[in-house]
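Here is what each chain is made of, one letter per residue.
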Amino acid sequence: MTTTSDIPEPLIAALRDARHVCVVTGAGVSAESGVPTFREAQVGLWAKYRAEDLATPEAFMADPELIWRWYRWRRDVANEVEPNPGHYALARLAGIVPRLTLVTQNVDNLHQRAGSRNVIEFHGNIFVDRCFADGTEQTADDSLDVPVCPDCGGPLRPGVVWFGEAIPEDALNASWAAAIDCDVFLSVGTSSLVYPAAGLADVAQQNGAVVAEVNPNPTALATGFDFAIGGTSGVVLPELVDFVSL
Ligand code: APR
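Attention in this report is confined to the structure presented alongside it. All values reported here derive from a predicted model rather than from experimental measurement.

1. What to know about the overall build of the protein
Link 1 in the chain: Each helix and strand counted, the protein has 11 helices and 9 strands in total.
Link 2 in the chain: Computed over the C-alpha atoms, the radius of gyration of the protein is 18 Å, within 12% of the 18 Å expected from 2.2 N^0.38 for a compact globule of 246 residues.
Link 3 in the chain: For the protein, the spread of C-alpha atoms along the three principal axes comes to 60 × 35 × 30 Å.
Link 4 in the chain: The buried share of the protein, taken over its 246 residues, is 51%.
Link 5 in the chain: For the protein, contacts bridging at least 24 residues in sequence account for 67% of all contacts bridging at least 6.
Link 6 in the chain: As displayed, the protein offers around 11300 Å² of accessible surface, 52% of which is attributable to carbon and sulfur atoms.

Structure representation (structure tokens):
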């Protein structure tokens, strides 16, 4: 078979034969929808804001109103955009391979809106509200600058994982198990700089999976992967899934 793109044929063959595919996505997969990434020069959120001012429990304790303003703005951005062809391609891939585990570091719900089911939310979900004191899920009264917990009266917080916080145990365990079990592992649209998410590719590789990256800017980790496809997920993933389904 000949391919018309830079998608390696051995990767297509591995996906066709795969029993279990594990995909880890990062902010890049939502870039073509118009959601800003974090670490890209000029356009990344961390080029404009300091992570320690906005994405740590200490920052929240210092100025919860500021944190809520920032997260409400990010919720608005996520609500106003649409999933892109990369999100839809991953939802389609789940219907083609026997088993697919989708782990996302994104909190924007775009995979879910594109039809992906059982998405593992590694860094939480921006649309969930939690009690800052005990982490229980609550519903915020959005008329308040800093919504309060109906149970304890303390502040609510957005349900994302901040720097210095643990990954939700269920998400961590399920992701690790999928990385160990899968035959093909795809790392899509992530700088692979934030651990433990960035460690999943290594776990997959140590356990014999074929590992590939999709990213217009190949990452440092990708030098050790089997394949690095230098393109955007909105273009590469639909093409890749088309080939797998042939
Ligand atoms: N398609 C695929 N990849 C893309 C695209 C695109 N259209 N556009 C940009 N990228 C790539 C960039 O080259 C970069 O490698 O997406 C990556 C985005 O990297 P980061 O901004 O670091 O995002 P991510 O890896 O998801 O960050 C991990 O850091 O701040 C935290 O909690 C936040 O979940 C996030 C975590």
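2. Some remarks on the pattern of salt bridges
Any two side chains of opposite charge can pair, on the condition that their charged atoms come close.
Link 1 in the chain: Enumeration according to the criterion identifies 11 salt bridges in this entry.
Link 2 in the chain: Across the pair Glu65 and Arg69 runs a salt bridge whose closest N-O atoms are separated by 3.7 Å. You can see Glu65 and its partner Arg69 sitting in helix H6 (residues 64–80), 4 residues apart, about one turn around the helix.
Link 3 in the chain: The salt bridge partner of Arg99 is Asp181, with a shortest N-O separation of 3.5 Å. Separated by 82 residues along the polypeptide, Arg99 in the loop between helix H7 (85–94) and strand E2 (100–104) and Asp181 in helix H9 (residues 169–181) bring together distant segments of the chain.
Link 4 in the chain: What makes Arg99 partly exposed here is its relative accessible area of 45%.
Link 5 in the chain: One network of salt bridges, in which partners are shared, links Arg19, Arg99, Asp181 and Asp183.

3. A word on the nonpolar core
Link 1 in the chain: Ranked by internal contacts, the top residues of the largest apolar core, which has 28 residues, are Leu11, Val184, Leu186, Leu237 and Leu240.
Link 2 in the chain: Those elements that provide at least two residues to this core are helix H1 (9–17), strand E1 (21–25), H7, strand E7 (184–188), strand E8 (210–214), strand E9 (227–229) and helix H11 (233–245).
Link 3 in the chain: Among the elements that line this core, the one with the most residues is H11, at 6 residues.
Link 4 in the chain: Beyond its immediate stretch of four places on either side in the chain, Leu186 contacts Leu11, Cys22, Val23, Val24, Ala212 and Leu240.
Link 5 in the chain: Grouped together as the second largest cluster of nonpolar side chains are 21 residues, Ile120, Ala171, Ala201 and Ala209 included.

4. Some remarks on the site of the ligand
Link 1 in the chain: Around the ligand, the surrounding shell holds 22 residues, and the nearest of these are Glu32, Phe38, Arg39, Thr190 and Ser191.
Link 2 in the chain: Here an oxygen atom of the ligand and a backbone polar atom of Phe38 are 2.7 Å apart.
Link 3 in the chain: In this structure, an oxygen atom belonging to the ligand sits 3.2 Å away from a main-chain N or O atom of Gly189.
Link 4 in the chain: Relative to its unbound accessible area of 740 Å², the ligand is 93% covered by the protein chains.

5. Some words on H1
Link 1 in the chain: When we look at burial in H1, the residues that qualify are Leu11, Ile12, Ala14 and Leu15. Projection of H1 onto a plane perpendicular to its axis shows the buried side chains occupying an angular sector of 160°, all on one side. In H1, those exposed residues whose orientation departs by more than 90 degrees from the buried face are Pro10 and Asp17.
Link 2 in the chain: Among the structural elements, E1, E7, E8, E9 and H11 are those in contact with the buried residues of H1.

6. A few points about the environment of Ser116
Link 1 in the chain: Mapped onto the fold, Ser116 is located in the loop between helix H8 (110–113) and strand E3 (120–121).
Link 2 in the chain: For Ser116, a relative accessible area of 7% puts it in the buried group.
Link 3 in the chain: When the C-alpha positions of Ser116 and Leu93 are compared, they lie 9.5 Å apart, and in sequence the two are 23 residues distant.
Link 4 in the chain: When sequence neighbours within four positions are dropped, the list of residues in contact with Ser116 reads Leu90, Ala91, Leu102 and His111.

Thresholds applied
In every chain, residue numbers begin from 1 and rise along the written sequence. The predicted nature of this model means local features are confined to residues of pLDDT at least 70 and side-chain atom pairs, given and counted, to a pLDDT of 80 or more, with totals for whole chains, interfaces and linings taken over all residues. Hydrogens and water are ignored here; the side-chain numbers use all heavy atoms of the structure. Note on conventions: DSSP H or I runs of at least 4 residues are helices, E runs of at least 2 residues are strands, and numbering of each starts at the N terminus. The globule rule used here is 2.2 Å times the number of residues to the 0.38 power, and the radius of gyration it is set against is calculated over C-alpha atoms. The buried label applies to any residue whose accessible area, calculated with a 1.4 Å probe on protein chains only, is under 20% of its type's maximum; exposed applies above 50%, and partly exposed to all values in between. Between two residues, a contact is recorded if the distance between any of their heavy atoms is within 4.5 Å. Only the protein chains shown count as cover for residues, and all accessible areas are computed by the Shrake-Rupley method using a 1.4 Å probe. Within this document, salt bridges are pairs made up of a side-chain nitrogen of Lys or Arg and a carboxyl oxygen of Asp or Glu, the two lying within 4 Å of each other. In this text, buried Ala, Val, Leu, Ile, Met, Phe, Trp, Tyr and Cys residues form a nonpolar core when linked through side-chain atoms within 4.5 Å. We define proximity as follows: a residue is near a molecule or strand when any one of its heavy atoms falls within 4 Å of that partner. The term polar contact refers here to a pair of N or O atoms within 3.5 Å; inside protein, the definition further demands a hydrogen-donor-capable atom paired with an acceptor-capable atom, and it admits residues adjacent in sequence only when both atoms are side-chain atoms. An arc is given here, and it is the one of the directions from the helix axis to the C-beta atoms.

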